[in-house]
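Residues per chain, in single letters:
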Amino acid sequence: MDTVDATAVAKHVLFDVDGTLIDAVDNQRRVWRAWAERYGLDPDEVYRVALRTRPLETFASVAPDRDPHECLAALHELEDEDVRSGVYAAFAGAAELLSALPPGSWALVTSNYEHRVRGRFARTGLPVPEVLVDAAAVTEGKPSPLPYLLAAERFGALPENCLVVEDAPSGVLSGLRAGMTVWGVNAPVAVDGVHRHFASLEEAGPEILAFVTGAG
């Protein structure tokens, strides 16, 4: 009897964090507003740029005359304080879905840092998986495919057997460039390029579980 390569057929789901599992939009806006006010900048303009760039790119655009390392330190200080004192919650269905997924079948792929993700997950009661790819793990963040490719590599999984769950255009593009199936959640209108769109994570939950387990 022919043997089957388990690595080749195993299915894995790779979740973005902010906006996908954790509702952190208001927190991000408050952090960037506080940062902008510290430097005498227009908070709305800073936030608009920050939504589509990594922090160092944001600083280069909105505060080119400032020391980027000082800017980053100030941002990290504000973000760490938000983890300790900010008010936020997991999206409906997140805890149930993550608890139902088989161990070793899912990962987090985030543009944030691991200690903040762990802090938020601890406060919202979400489990943390074995595989977590954060901003410090890669030289290029989303929309580069590197974060999602690294998560697949850590599983020993093929990209075509991975499902990316995202809410933002940069993350969707990252997953597509990695050669993965990409589903969008938590938006009234589908992000360009997604293979399937769900208005909420809760709506997508049964389909995500079916993708991983082969049910349905």
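As a convention, each chain's residues are numbered from 1 in the sequence order in which they are written. A pLDDT threshold of at least 70 governs which residues receive local features in this predicted model, and a stricter bar of 80 or more applies before side-chain atom pairs are shown or counted, although totals over entire chains, interfaces and linings include all residues. With hydrogens and water stripped out, all remaining heavy atoms of the structure feed into the side-chain values.

Undergrad: Talk me through the overall build of the chain; I want residue IDs and the actual numbers.
TA: Labels follow the DSSP assignment, with helices taken as runs of H or I lasting at least four residues and strands as runs of E lasting at least two, numbered in each case from the N terminus. Per the secondary structure count, the chain includes ten helices and eight strands. Relative to the globule expectation of 17 Å for 216 residues, the C-alpha radius of gyration of the chain, 18 Å, shows essentially globular dimensions. Along the three orthogonal principal directions, the C-alpha set of the chain runs to about 70 × 30 × 30 Å. Under the scheme applied here, a residue whose accessible area is under 20% of the maximum for its type counts as buried, over 50% as exposed, and between as partly exposed, the area being computed with a 1.4 Å probe on protein chains only. A burial count over the chain gives 45% of its 216 residues as buried. For this measure, only C-alpha atoms enter the radius of gyration; the expected value for a globule follows 2.2 Å times N^0.38, where N is the number of residues.

Undergrad: I'd like a description of the sheet that holds strand E5 (residues 131-133), backed by residues and values.
TA: Any two strands between which DSSP finds at least two bridges are classified as paired. The sheet built from six strands is open, its strands ordered E5-E4-E1-E6-E7-E8 with parallel pairing. Pairing within the sheet leaves two strands with one partner each, and these edge strands are E5 and strand E8 (196-197). Here strand E7 (residues 181-184) runs beside E8; their pairing, made up of two bridges, is parallel. Among the inter-strand pairings, Gly-184 is bridged to a residue of E8, identified as His-197.

Undergrad: How would you explain helix H5 (residues 68-85) if you had to name every residue and give the values?
TA: Counted at 1.5 Å a residue, the expected span for H5 with its 18 residues is 26 Å, and the 26 Å between its end C-alpha atoms agrees. Along H5, the positions that sit buried rather than exposed are Cys-71, Leu-72, Ala-74, Leu-75, Leu-78, Glu-79, Asp-82 and Val-83. Throughout, a residue-residue contact means that at least one pair of heavy atoms, one from each residue, lies within 4.5 Å. Considering only its buried residues, H5 is in contact with helix H2 (25-38), helix H4 (55-62) and helix H7 (114-124). By the criterion applied in these results, polar contacts are pairs of N or O atoms within 3.5 Å in which, for protein atoms, one can donate a hydrogen and the other can accept it, and in which residues neighboring in sequence qualify only through two side-chain atoms. The distance from a side-chain oxygen at the start of H5 to the backbone nitrogen of His-69 is 2.9 Å, and the residue carrying that oxygen is Asp-67. For a helix, the expected span equals 1.5 Å multiplied by the number of residues minus one.

Undergrad: If you had to explain the nonpolar core to someone new, which residues and values would you point to?
TA: Counting 28 residues, the largest nonpolar core has Val-13, Phe-15, Leu-21, Leu-108, Phe-121 and Ile-208 as its most contacted members. Of all elements in the fold, only strand E1 (12-15), helix H6 (94-100), strand E4 (106-109), H7, strand E6 (162-166) and helix H10 (201-213) reach the threshold of two or more residues within this core. Ranked by residues supplied to this core, first place goes to H10 with five residues. Excluding residues within four positions of it along the chain, Ile-208 makes contact with Val-13, Phe-15, Leu-97, Leu-163, Val-165, Trp-183 and Leu-201. Here, nonpolar core means buried Ala, Val, Leu, Ile, Met, Phe, Trp, Tyr and Cys residues that are tied together by side-chain atoms lying within 4.5 Å of each other. Counting 20 residues, the second-largest nonpolar core is a separate cluster that includes Leu-14, Tyr-148, Phe-155 and Met-180.

Undergrad: I'd like a description of the packing of aromatic side chains, backed by residues and values.
TA: Side-chain rings of Phe, Tyr and Trp (the six-membered ring for Trp) are treated as a pair once their centres are within 6.5 Å; stacked means planes under 30 degrees apart, edge-to-face means over 60, and tilted covers the remaining angles. Within this structure, the stated rule accounts for seven aromatic pairs. Geometrically, the ring pair formed by Phe-15 and Trp-106 is edge-to-face, given 6.1 Å between the ring centres and 80° between the ring planes. Taken together, the positions of Phe-15 in strand E1 and Trp-106 in strand E4 put the pair 91 residues apart, joining distant regions of the chain. Residue class for Phe-15 comes out buried when judged on its relative accessible area of 0%. When the centroid spacing of 4.8 Å and the interplanar angle of 40° are considered together, the rings of Trp-35 and Tyr-39 count as tilted.

Undergrad: Quick one: what's the story with the environment of Pro-143, residue by residue and with numbers?
TA: Looking at where Pro-143 falls in the secondary structure, it is placed in the loop between E5 and helix H8 (146-155). Spatially, the C-alpha atom of Pro-143 lies 31 Å from that of Ala-215, the residues being 72 residues apart in sequence. In this structure Pro-143 touches Ser-170, Leu-173, Ser-174 and Arg-177, once residues within four positions along its chain are discounted.

Undergrad: Go over the environment of Glu-45, please, and point to the residues and values.
TA: Residue position: Glu-45 is located in helix H3 (residues 43-50). The partly exposed category is assigned to Glu-45, whose relative accessible area is 34%. As for Glu-45 and Val-62, which are separated by 17 residues in sequence, their C-alpha atoms are 8.1 Å apart.

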